[in-house]
Each structure stands twice: as structure tokens, then as C-alpha cells.
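Reading the structure
One letter stands for each residue in the lines below.
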Amino acid sequence: MDLVNIIPSFGFLEDAPLKPILLIGLYFALLGTALVICFSRALRSLPYSSVSWALLPLAIASLYVTWTEIVSWLFQDYTDFVTGNGPYDYLAKVPGSATFDDWVRESDWFVAAYRAVTEDAYQWWWSAQLLNTAAVIVAFFWSEGPHNLARKTSEKGGMARRAGLASALAFVCVGFLGAMSTAFSLFLIQRQAAETEASSTASLYTFLAVANLVSLLVTSSRLLNPHRSLLLELSTAIFANSCQKSITADLFFCTAISIVFSCAFLRNAVAAGSVTKVKAFGMAALVLVSIPVVGVSVVLPAFLAWREGLVRLKVREIRGDTM
């Protein structure tokens with residue numbers, strides 16, 4: 001295929017409707033702005049934590065891998081459109097008759113992407129795990145974002161809180177418009193929350209852990225078939241198309257980042273005397289063993305709920321010593 005034909009002519013803006021152009025432009029404008037905000041906050045905080053040097057490569061790698069697959073999927077979607085194949089076979093296009101302008105006018109990337117990752121129950125299983133994990137990560141953004149840290153300062157919010165809220169929303173935008181794993185990693189790098197600060201989200205984390213476990217059991221039960229291997233079918237579904245590979249890679253990166261975060265917290269907790277080395281080792285082993293069984297969408301909120309219980313206990317001990 002002649003790649004030059006993909007590039008629109010200058011008459012493109014005159015012929016194509018403004019709505020798809022504006023939506024696409026708004027999408028990438030929001031994503032670009034949010035990425036600048038998130039990377040700038042993360043890079044400013046980079047020297048203050050050794051674990052950040054492990055998280056930054058994960059953030060960059062996740063963004064590269066997920067969006068390489070997305071670009072590949074978009075090119076394949078364009079190819080299917082102009083040739084009348086795949087999801088566009090109903091158009092009965094004569095090969096070579098469709099143009100880039102037609103693709104922008106008639107195709108819907110967002111709907112097409114949703115269809116690409118929900119073509120069968122096995123692909124939906126992976127999509128559901130990422131959505132459940134995203135809910136936990138967004139709750140974490142809200143609980144320990146810079147807007148809540150500003151509220152705890154002597155200023156009691158004000159401009160600092162509003163700026164922090166904008167930053168928290170930027171991480172959410174990167175997560176939903178770019179890659180949730182990229183947002184998660186960058187958020188952890190810039191996060192300067194004191195581990196002795198207790199929050200009120202333990203009950204929410206517990207609810208998410210239970211809800212995600214129920215979701216996992218329900219979606220998995222629908223895949224049970226005596227004539228098909230569940231693990232084989234799920235493994236095959238990962239490579240169904242480039243869009244599917246992108247969201248599955250996002251989930252795998254979220255899993256790796258969660259492991260790094262959990263181990264780093266346990267290491268710091270041992271150094272602070274909050275837990276013994278034996279208990280920390282046991283918890284780390286439990287996290288590593290549980291993730292392949294029930295997934296990061298269940299293990300991460302369960303760990304965060306346990307972590308907050310440990311933090312509250314430490315706060316009570318500190319307050320008892322100072323009274």
C-alpha cells in the first residue's frame with residue numbers, strides 16, 4: 001500500500017465534518033497536556049526515592065508498548081476500511097476507492113476499539129480485569145493525590161488544593177486516555193504522602209477487593225467449557241488484535257508496578273519498625289502467590305486496605321507516645 005495516500009490533502013478540512021476532527025483533536029490535546037503535567041511532577045520528585053528509578057522505566061515502557069500497539073491497530077483499521085475487510089466488510093468498498101478523508105468521516109475509533117477487545121468472552125475477560133484494576137488505581141489517586149495532601153497543610157487547601165486537584169485529574173486523564181499503568185507509575189513517583197498519614201479509604205479498598213473478586217468469579221465461570229482449555233483460550237485471546245495486545249499489556253504493567261509498590265512499602269515498613277522482617281516477607285510472598293490466582297484487581301485493593309490498617313496502628317502508637 002502506498003503510505004502517501006494516508007496523508008490527507010489540504011482540502012481535507014473543507015470536506016470532512018468538523019465533529020470527528022474536533023473529537024480527535026480534543027482527545028490528543030487532553031492526553032498531551034495531561035502527560036506533560038504528570039511527567040513534570042514525576043521528574044521533579046525523582047531524586048527523592050530510590051524506587052522511583054525502577055518506576056520511571058516502567059512508565060516509559062508501558063506508554064511505548066501500549067501506544068505502539070494502538071498505532072498498529074489504527075493502521076490496520078484504516079487498511080480494513082479502504083479494502084472493505086474486517087469490521088468494514090459491510091461497506092463493500094471497491095479496493096482503492098476509499099480515502100483517508102472517508103475513514104475519518106465514517107469510522108468511529110472509540111467504538112471500533114471497544115468492539116476489538118470484546119469480540120468474545122475471553123477477550124472481554126482481559127478487558128474486565130483492566131477495568132476493575134483501573135477502578136482501584138483511580139481510588140488510590142483520589143485518596144493520596146496532591147489535592148488531599150494540600151488539604152492537610154497549614155494552608156488548609158486554597159490554591160494548593162486546587163492545583164493538586166488539577167494534577168490528580170491529569171493522572172486520571174493519562175490513565176483513561178493513554179495507559180493506566182503509565183499514570184499509576186508516574187503517580188507513585190511523584191507521591192510524597194507520609195506513610196504515617198491515615199486515610200478513610202480502607203473500607204473502599206475492601207469493597208473493591210470483594211467486588212473485583214466476585215467479578216472475576218462471574219466472568220471466569222462463563223468461560224468454563226469441558227471442550228476448551230481456559231488457560232489456552234485466555235492466552236490466545238491476548239494476541240487477537242493489536243488493540244487487545246495493548247490493553248493486556250497495560251494490565252501486565254499495572255501488575256508489575258503494583259508488585260514494585262508493595263515490596264517498596266514493606267521494605268520501608270521494616271525500616272520504620274512497623275512490621276517485622278518475617279511478617280513483611282510473608283506478606284510479599286502472599287502478594288506474589290495471589291496475583292497469578294486472583295489477579296492484581298483483587299490483590300492490590302486488599303493490600304492497600306491492609307496497609308491502611310497498619311498505618312492507623314502506627315498513628316495510634318505515635319499519638320500514644322506523645323500524650
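What counts, and where the lines are drawn
Residues numbered from 1 in each chain as written. Predicted model: local features only at pLDDT ≥ 70, side-chain atom pairs only at ≥ 80, totals over all residues. Heavy atoms only, no water. Helix = DSSP H or I, 4+ residues; strand = E, 2+ residues; numbered from the N terminus. Expected span 1.5 Å × (residues − 1). Buried < 20%, exposed > 50% of the residue type's maximum accessible area, 1.4 Å probe, protein only. Polar contact = N/O pair within 3.5 Å; in protein donor to acceptor, adjacent residues only side chain to side chain. Salt bridge = Lys/Arg side-chain N within 4 Å of Asp/Glu carboxyl O. Patch = residues over 30% accessible without salt bridge, like charges linked within 9 Å, V, L, I, M, F, W, Y side chains within 5 Å. Areas by Shrake-Rupley, 256 points an atom, 1.4 Å probe, with all protein chains shown as cover. Phe/Tyr/Trp six-rings, centres within 6.5 Å; stacked < 30°, edge-to-face > 60°. Core = buried A, V, L, I, M, F, W, Y, C linked by side-chain atoms within 4.5 Å. Contact = heavy atoms within 4.5 Å. Axes fitted to C-alpha atoms, helices over the stretch in contact; angles between N-to-C directions. Parallel < 35°, antiparallel > 145°, perpendicular 65-115°, else oblique. Nonpolar A, V, L, I, M, F, W, Y, C, P; charged D, E, K, R; others polar. Arc of directions from axis to C-beta. pLDDT = per-residue confidence, 0-100.

1. Some details on helix α6 (residues 121–144)
Here α6 spans 35 Å end to end across 24 residues, near enough to the 34 Å set by a 1.5 Å rise per residue. Counting buried residues along α6, 18 of its 24 residues qualify, which places the element largely inside the surrounding structure. For α6, the side-chain oxygen to backbone nitrogen distance between the N-cap and Tyr122 is 3.0 Å, and the N-cap itself is Asp120.

2. Here we look at the pattern of salt bridges
All chains considered together, the criterion is met by two salt bridges. Where Glu69 meets Lys245, a salt bridge forms, and the shortest distance between an N and an O atom there is 3.8 Å. Placement of Glu69 in helix α3 (residues 52–83) and of Lys245 in helix α12 (residues 242–272) is noted, with a sequence separation of 176 residues between them. Residue classification places Lys245 among the partly exposed positions, given a relative accessible area of 29%.

3. A closer look at a nonpolar patch on the surface
A cluster of nonpolar side chains, contributed by Tyr114, Trp124 and Leu131, occupies part of the molecular surface with about 330 Å² of accessible area. Along the chain, the position of Tyr114 falls in helix α5 (residues 109–116).

4. Notes on the packing of aromatic side chains
Across all of its chains, the model carries 15 aromatic pairs by this definition. The interplanar angle of 50° and the centroid separation of 6.0 Å between the aromatic rings of Phe141 and Phe171 together place this pair among those described as tilted. Of this pair, Phe141 sits in helix α6 while Phe171 sits in helix α8 (residues 158–178), and the two are 30 residues apart along the sequence. Exposure class is identical for Phe141 and Phe171. Each is buried. Pairwise contacts between aromatic rings join Phe140, Phe141, Phe171, Phe184, Phe187, Phe261, Phe265, Phe303 and Trp306 into one cluster.

5. A word on the nonpolar core
In this structure, Trp103, Trp126, Phe140, Phe184 and Leu186 are the most contacted members of the largest nonpolar core, which totals 81 residues. Those residues in contact with Phe140 that sit more than four places away from it in its chain are Gly145, Phe184, Phe187, Leu188, Arg191, Tyr205, Phe261, Leu304 and Arg307.

6. So, the packing of α3 against α12
Where α3 meets α12, the axes come as close as 8 Å, and the angle between the chain directions of the two elements is 170°. The pairing of α3 with α12 is recorded here as roughly antiparallel in orientation. Facing α3, whose interface residues are Leu55, Leu58, Ala61, Ser62, Val65, Thr66, Glu69, Ile70, Ser72 and Trp73, α12 presents Ser242, Cys243, Lys245, Ser246, Ala249, Asp250, Phe253, Ile257 and Val260. Partitioned by chemical class, the residues of the contact of α3 with α12 number 11 nonpolar, five polar and three charged.

7. What about the side chain of Ser220?
As for its placement among the helices and strands, Ser220 is situated in helix α10 (residues 202–221). Using a relative accessible area of 18% as the deciding quantity, one classes Ser220 as buried. Within the structure, Ser220 has its side chain in polar contact with the side chain of Trp125 (distance 3.0 Å). A polar contact is formed between the side chain of Ser220 and the backbone oxygen of Leu216, at a distance of 2.7 Å.

8. Digging into α5
Along α5, the positions that sit buried rather than exposed are Trp109, Ala112 and Ala116. Down the axis of α5, the buried set is contained in an arc of 65°. They therefore lie on one face. Across α5 from its buried face, at more than 90 degrees, point the exposed residues Tyr114 and Arg115.

9. What to know about the confidence of the model for the protein
Residue-level pLDDT values for the protein average 82, and 78% of them are 70 or greater. Averaged pLDDT values over the elements of the protein bottom out at 48 in helix α1 (residues 12–15) and peak at 95 in helix α13 (residues 277–294). Here residues 1–14 scores under 50 on pLDDT; set against residues more than four positions off or in separate chains, the count is 16 contacts.

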